[in-house]
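# Summary of the model geometry
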Amino acid sequence: MSVPMLKAYFSAALRLLPALLLLSLAVGLPAVPGAMLGPDHRGLAVEPALALAAGLIAAYAGWRPGRRCVAAAALLTLPVVLMRLADLVAQMVAGRPFQPAFDPALIPALWDVLAASLHPLLLTLVVALIPGLLLGLLFLAFAGLMRPLAVPAGRRVALGVLLGALTLQLAGIEGFQPPARGMVAAWRDQGERWVAGREVKAHLAAALAEDPVGAIPPAELLSALRGRPVVLAWVESYGLSALTDPRHEAVVAGRLSALEAALSASGFHALTGLVESPVLGGRSWLAHGTLRAGIRQDQPVLQGAVLASGRPGLVNAFQGAGWHTVAAMPGLSGPWPEGARWGFDLTLNRSAFPYEGPAFGWSPMPDQALLAAVEQQVPLKPGQPLFLEMVLTSSHAPWTPLPSWREASVTALADGSAFAGADLAPDYLDMAGHYARSIDYSLRALGDWLVRAVPDDALVLVLGDHPAVGWIADEAEGGHKVPLHILSRDPSLLQPLKGWGLVDGMLPEVTPDNPVIPMQDLMEKLLNAYSGPRPRGV
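Cut-offs used in this document
- Residues numbered from 1 in each chain as written.
- Predicted model: local features only at pLDDT ≥ 70, side-chain atom pairs only at ≥ 80, totals over all residues.
- Heavy atoms only, no water.
- Helix = DSSP H or I, 4+ residues; strand = E, 2+ residues; numbered from the N terminus.
- Buried < 20%, exposed > 50% of the residue type's maximum accessible area, 1.4 Å probe, protein only.
- Contact = heavy atoms within 4.5 Å.
- Areas by Shrake-Rupley, 256 points an atom, 1.4 Å probe, with all protein chains shown as cover.
- Lys, Arg positive; Asp, Glu negative; His and termini not counted.
- Charge placed at Lys NZ, Arg CZ, Asp CG, Glu CD.
- Salt bridge = Lys/Arg side-chain N within 4 Å of Asp/Glu carboxyl O.
- Core = buried A, V, L, I, M, F, W, Y, C linked by side-chain atoms within 4.5 Å.
- Expected span 1.5 Å × (residues − 1).
- Patch = residues over 30% accessible without salt bridge, like charges linked within 9 Å, V, L, I, M, F, W, Y side chains within 5 Å.
- Arc of directions from axis to C-beta.
- Pairing = 2+ DSSP bridges.
- Phe/Tyr/Trp six-rings, centres within 6.5 Å; stacked < 30°, edge-to-face > 60°.
- pLDDT = per-residue confidence, 0-100.

## Concerning the overall build of the protein chain
When helices and strands are counted, the protein chain shows 19 helices and nine strands. Overall, the protein chain is about 100 × 55 × 40 Å in size when its C-alpha atoms are taken along their principal axes. Taken over 538 residues, the protein chain has a buried fraction of 50%. In the protein chain, once contacts between residues fewer than 6 apart in sequence are set aside, the share between residues at least 24 apart is 78%. Surface accessibility of the protein chain: about 23,300 Å² in total, with carbon and sulfur atoms responsible for 64%. Averaged over its 37 positive side-chain charges, the protein chain has a centre that lies 11 Å from the centre of its 43 negative ones.

Shown next as structure tokens:
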């Protein structure tokens, strides 16, 4: 073979092979980062291979695809690549594939989280450039696929590539990607998810028809808790995987053991169990709504339907039974009209707190500052019917930068002066390590507040909203499970819960047959446990 002929083959292969590889990798992009370049991703994608075969036949017939044909192919491929990217982002952020019937409603929340790490202008430019950049790359890839077919050497290289991939496939080697990774399959998957989403919405009507609160006579509703403060504290991203992942187990289990000792020394009794969260990796408000309503909500549209129905839930029950209901939500940057519909008399958002210190990542104020401000603004007193729900945000993604522990007065913590001069440099290279330390900080802050500010007759529920995503805390053993701690200095308040399968202390029991409570069942279980004829003297 002459040198000019070798150069022609080399030139054709240099243009055609990278183009085919790029198209295959883009079309077959897996949702799980660890599966990239795995067995199902290494072969040729079926549709680009078919496009090459069609171009080859056309070339032998004397037809040459022009710019319009190449542009059309790029435009048809772009939605598939965007769907694959959406699956990848959803898997990394929420631990599950993209849901077309629900996820567009999550874009504002995702934007807020990203804007906490990137300047909004830079974020806008990145988001705007992504589709244009992808379209340009796809155009260049299809052009690189088709133009070599104009010469005999290019056609022979293309034929050799196709025959080689087919031979590998017949020999049991990954010559082609599985059809389930193809473009047709991507559209089919999204269609099936859309239909499944519509079915979920239809099933919601049956759940809304049940009313556990209305089934209890008003005189008996939460009668065993009358005149007592009740606290529900959510710990962001606190899942069982924080205790089963070897990277975090020592830190988190060590904190729970220390917390148990401190609380016990202060007179607290504790029961601990596991709850199945409806979400993983994010969308905390859906977990909160699931508990409040007693209806599973894993998509925003479901929560919207629950709120629109006017069906009473847990907070409404406390409100109707005479409690003053307060929500302490430092992550809320603006008004929260939904709060009144949930049954809250008062909502404290970020602007309602006196904190003027720095924000730490997404968290607008450290948990020590939140709890100190709550102690000042909503003090818990014995014999006071106050229901307080609060969300601790220091363990919210991206877990960096983290506040360091501050020994300071309640006033200095609440106004933020204790956090002056804090190191605010983020470290995104060790987010998993920061995750464990953030859970440690949140639990320590909560324990410190419980000992200092919670009266003897109060009932306290501490609950994780959801586990972190799998690449931060491996959910292989923990799944969607989150710890539930129920505490009081009055042991009689824990007696009605003994049949729930909870264990004494602060460390959950992790065994295959350990009972797990669906989060949507927790409301009715609490209502049944604490409602009924009032005990004598209460």
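Still more to cover.
## A short note on the pattern of salt bridges
In total, this model carries 10 salt bridges according to the counting rule given. Close ionic contact of R247 with D245 constitutes a salt bridge, the shortest N to O distance being 2.7 Å. Here R247 falls in the partly exposed class, since its relative accessible area comes to 46%. Two residues, D440 and R255, come together in a salt bridge whose shortest N-O distance is 2.7 Å. Of the two residues, D440 is situated in helix α17 (residues 431–453) and R255 in helix α10 (residues 249–265); the sequence distance between them amounts to 185 residues. The same class applies to D440 as to R255, namely buried.

## Some thoughts on the environment of V161
Along the chain, the position of V161 falls in helix α7 (residues 152–170). Sequence separation between V161 and L44 is 117 residues; the distance between their C-alpha atoms is 9.7 Å.

## Digging into the nonpolar core
Core analysis: the largest hydrophobic core is formed by 63 residues, its most contacted members being V374, M390, L446 and W449. Sort the elements by how many residues they give to this core and α17 lands first, with 11 residues. Beyond its immediate sequence surroundings of up to four residues, V374 is in contact with A328, F353, P379, L388, M390 and W449. Ranked by size, the runner-up nonpolar core spans 52 residues in total, among them V306, V315, V391 and W500.

## Some points on helix α3 (residues 46–60)
Between its first and last C-alpha atoms α3 spans 21 Å; for 15 residues at 1.5 Å apiece the expected length is 21 Å, and the two agree. Within the sequence span of α3, burial applies to E47, P48, A49, L52, G55, L56, A58 and A59. Looking one or two residues past α3, G62 carries a phi angle of roughly 95°, positive in sign.

## Remarks on a nonpolar patch on the surface
Judged by side-chain polarity, Y60, L159, L163, L166 and L170 come together as a nonpolar surface patch covering roughly 540 Å² of accessible area. One can find L170 in helix α7. Overall, the relative accessible area of 71% leaves L170 in the exposed class.

## As for helix α12 (residues 300–309)
What α12 keeps buried is the set P300, L302, Q303, V306 and L307. Looking down the long axis of α12, one finds its buried residues gathered within 160° of arc, a one-sided arrangement. Just beyond α12, the residue with positive phi is G310, at close to 75°.

## As for the pairing of strand β3 (residues 324–328)
In terms of burial, β3 is a largely internal element, four of the five residues being buried. Sheet topology note: the β3/strand β5 (residues 386–392) ladder contains five bridges and is parallel. Residue pairing for β5: H324 is matched across the bridge by L386. Inspection of the sheet shows β3 paired to strand β4 (residues 346–348) by three bridges, in the parallel sense. Each residue of the ladder has a partner; that of A328, found in β4, is L348.

## Brief notes about the side chain of D457
As for its placement among the helices and strands, D457 is situated in the loop between α17 and β6 (459–464). Within the buried set, D457 has no salt-bridge partner at all; the shortest N-O distance to an opposite charge, 5.0 Å, is to R228. Once residues lying within four places of it in the same chain are set aside, the contact partners of D457 are G227, R228, P229, P382, G383 and L493.

## Some remarks on the packing of aromatic side chains
Under the definition given, this model contains seven aromatic pairs. Taken together, a centroid distance of 6.2 Å and an interplanar angle of 65° make the contact between Y355 and F419 edge-to-face. Placement of the pair is Y355 in the loop between β4 and α15 (367–377) and F419 in the loop between α16 (410–415) and α17, with a sequence separation of 64 residues. Look at F360 and F419: their rings are 6.2 Å apart centre to centre, the planes differ by 70°, and that puts the pair in the edge-to-face class. Of this pair, F360 sits in the loop between β4 and α15 while F419 is found in the loop between α16 and α17, placing the two residues 59 residues apart along the sequence.

## Some words on the confidence of the model for the protein chain
When the pLDDT values of the protein chain are averaged, the result is 86; 93% of them are 70 or greater. The low-confidence segment residues 534–538, where pLDDT is below 50, has seven contacts with residues more than four positions distant or belonging to other chains.

## Looking at the side chain of H466
Within the secondary structure, H466 is located in the loop between β6 and α18 (475–478). When sequence neighbours within four positions are dropped, the list of residues in contact with H466 reads E236, S237, Y238, G239, S277, V279, L280, G281, G282, S284 and V482.

## Side note on unusual backbone geometry
Here the bond from A397 into P398 is cis, since omega is 10°, no more than 30 degrees from zero. Along the chain, P398 turns up in the loop between β5 and α16. The backbone of S237 shows a phi angle near 60°, a positive value even though the residue is not glycine. Here S237 lies in the loop between β1 (230–235) and α9 (241–244). Phi at R283 takes a positive value of approximately 60°, unusual for a residue other than glycine. Relative to the assigned elements, R283 resides in the loop between β2 (269–276) and α11 (284–293). For R283, a relative accessible area of 9% corresponds to the buried category.

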